[in-house]
Amino acid sequence: MVFLHRTLPVKLIIICLSLCIGLPNTAYAIQMPGYDGGIKNDMEYKELFVLTGKPVILKGDIKINEGTMRKGKRQDRVNFTLESDDKNISLRRNMTFEVSLEEDTKKRQYITVSELTRFSESITVKGEGRRSDRYKLEKCELYSSTITDMAPAVDYYSLNIRGKKLYSVNRDEGELSVEINGSGVGYEHVWGATETVTLDYLIDYKGEKAIEESVYSADWNGSMQVVESFNTTRDLTYIPNEPSQISFRGGYLETIQDEQVARYSYSLPRFDQKGIPLKSEFLKDDVELKLSTVPTQKRTFIPKTLDVPGHWAQEDIERLLSLGIMEPKGSYFGPHVYAKRLTFAQGVAKVTDIINRGKAIADVKKNVAQKKGEALPQEETPFSDISDKDMVYLENLASTGVMQGIGPKRFGPDQVLTRDQAITIMIRALGLEHLAPNPPYDTGFADDCEIPAWARDSVYVARQIGLARGDMAGYFRPSDPMTKGEAAAFLNRFITYLQKDLKKDFKDRIINY
């Protein structure tokens, strides 16, 4: 996965499987293949254990050692040490995965494949008296594959997981098999990350149980579905000051936090008093586990302007000023002044972290060229009317396809920004312009016929996802210039979309289905 420049809490998916059942991309973390639907934070790891046919939560430590990528491959190691609260169940699990990477620079995509190459797992379950049952993992095959599409501002990915485990119980007393089938989707960007994975487990036990002088069949089967989600959030909250005699009324607090949630729905056998499974009688229930990291917090700078208080976009403007995304000139912002293309480009570059995003995409090209023994072509400066200090933004906006010039080598930095330009820029940054239907189609605005052909797809998509709004009469007014206040409101709405709206689609809609 691509690492962004901000240091955010580590996330991972640990979906290993004893049916002990974890968690998912990157700026925020490494993605570790596992198959046991557990969750973790900085302090502990949890998973639901059901191999005995009775659900028990196990807790403990997990250690992850990510290998170094060499020639498109690396080895990752994951070690678990877990036990139940009453210490009646203990588990030791060690797994080594070989991870391979394949990249396509033209499509800006890469595929990772993870395969379990070494494993060991032992489980001890204390019974009545001095009796203990011992489970040993004899055979195991686990595979996962992820395809990642690198849009200019967001990495989108989907994954699939397959696996099977075979345990011996008390050497030759019984045999337990677990099959896994899973899939998931996720994204990450500078404002957060979300991954949601659904895992289906089929459990089958065959064995006998001796009671006094009789031997009984102890065969049983069960199933479980786990929906787990990982989220990294980066939020801004306004904190007002209580005293009135203070030089500023309040300021913004930036909070970054990880949250992992796993919801288990299981169907397991009921047992009689002797521990023999009852035929056709099942225990069905749901369990939810949740862990969060301790949030990291940072106060932002306090914007002080004379012409912003009382403006309808005051909150939008002050949020962007506090983050340094937009800047005033002295004590004045000029919310009613028309926004220039360069001003908006600078804001877009900072909102999307385009410099580091562009570097990540360039690194993929470099890696592929090195593998092929090819030299990368020397790239020319895209615009001749941009100063050196602003060129780093514009080079990356142009190379990632977010913004284009108005002619050969011309960007037009002082030209006024129009509404259709702003919408097109943001949808390109999201990489969602291809979601528009094949023409002919109607964008849904009253002035649909006035929207230029080059902006129609972006305007259509922006309306569908809530980024583009018409006026009270339903007109989009594509060629109208944007004021700096309107541009600030639009950039802040874009941040909110990245923070909240994407998460609703990737997490809430799936979990609450």
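We now turn to the structure provided with this report. Numbers given for residues are sequential positions, taken from 1 along each chain in its written order. Where local features are concerned, this predicted model is filtered to residues with pLDDT of at least 70; where side-chain atom pairs are given and counted, the filter is 80 or more; whole-chain, interface and lining totals use all residues. For side-chain calculations, the full set of non-hydrogen atoms in the structure is used, while hydrogens and water are omitted.

Time to look at unusual backbone geometry. The amide bond that connects Pro439 to the next residue, Pro440, takes the cis arrangement and shows omega of 0°. Tracing the sequence through the fold places Pro440 in the loop between α5 (419-430) and α6 (453-465). Unusually for a residue other than glycine, Asn170 sits at a positive phi of about 50°. The residue Asn170 is located in the loop between β8 (155-169) and β9 (174-189) in this model. A residue is classified by how much of its surface remains accessible, and Asn170, at 19% relative accessible area, is buried. Even without being glycine, Arg171 reaches a positive phi, approximately 65°. Numbering of helices and strands runs from the N terminus; a helix is a DSSP stretch of H or I covering at least four residues, while a strand is a stretch of E covering at least two. Within the secondary structure layout, Arg171 lies in the loop between β8 and β9. Whether a residue is buried, partly exposed or exposed follows from its accessible area with a 1.4 Å probe, protein chains only, as a fraction of its type maximum: under 20%, in between, or over 50%, in that order. Of the residues examined, Arg171 reaches a relative accessible area of 79% and is grouped as exposed.

Before going further, it helps to spend a moment on α6. Those residues of α6 that sit buried are Ala455, Arg456, Ser458, Val459, Tyr460, Val461 and Ala462. Note on contacts: a residue pair qualifies if any of its non-hydrogen atoms lie within 4.5 Å across the two residues. Looking at the packing, one finds that the buried side of α6 touches α5. Positive phi appears at Gly466, one or two residues downstream of α6, with a value of about 90°.

Now for the packing of helix α2 (residues 341-352) against α5. Close contact between α2 and α5 brings their axes to 12 Å; oriented N to C, the two are set at 25°. The angle between the axes of α2 and α5 places the two elements in the roughly parallel class. As α2 packs across α5, the resulting crossing turns out to be right-handed. For the pair formed by α2 and α5, the contact residues are Arg341, Phe344, Val348 and Thr352 on the first element and Gln421, Ala422, Ile425, Met426 and Ala429 on the second. Here, axes are lines fitted to C-alpha atoms. For helices the fit covers the stretch in contact, and angles between N-to-C directions go from 0 to 180 degrees. Should an angle fall under 35 degrees it is taken as roughly parallel, and over 145 as roughly antiparallel, whereas 65 to 115 is taken as roughly perpendicular and any remaining angle as oblique. Each crossing is labelled by how the near helix is turned from the far one, with a counterclockwise turn of less than a right angle marking it left-handed and a clockwise turn marking it right-handed.

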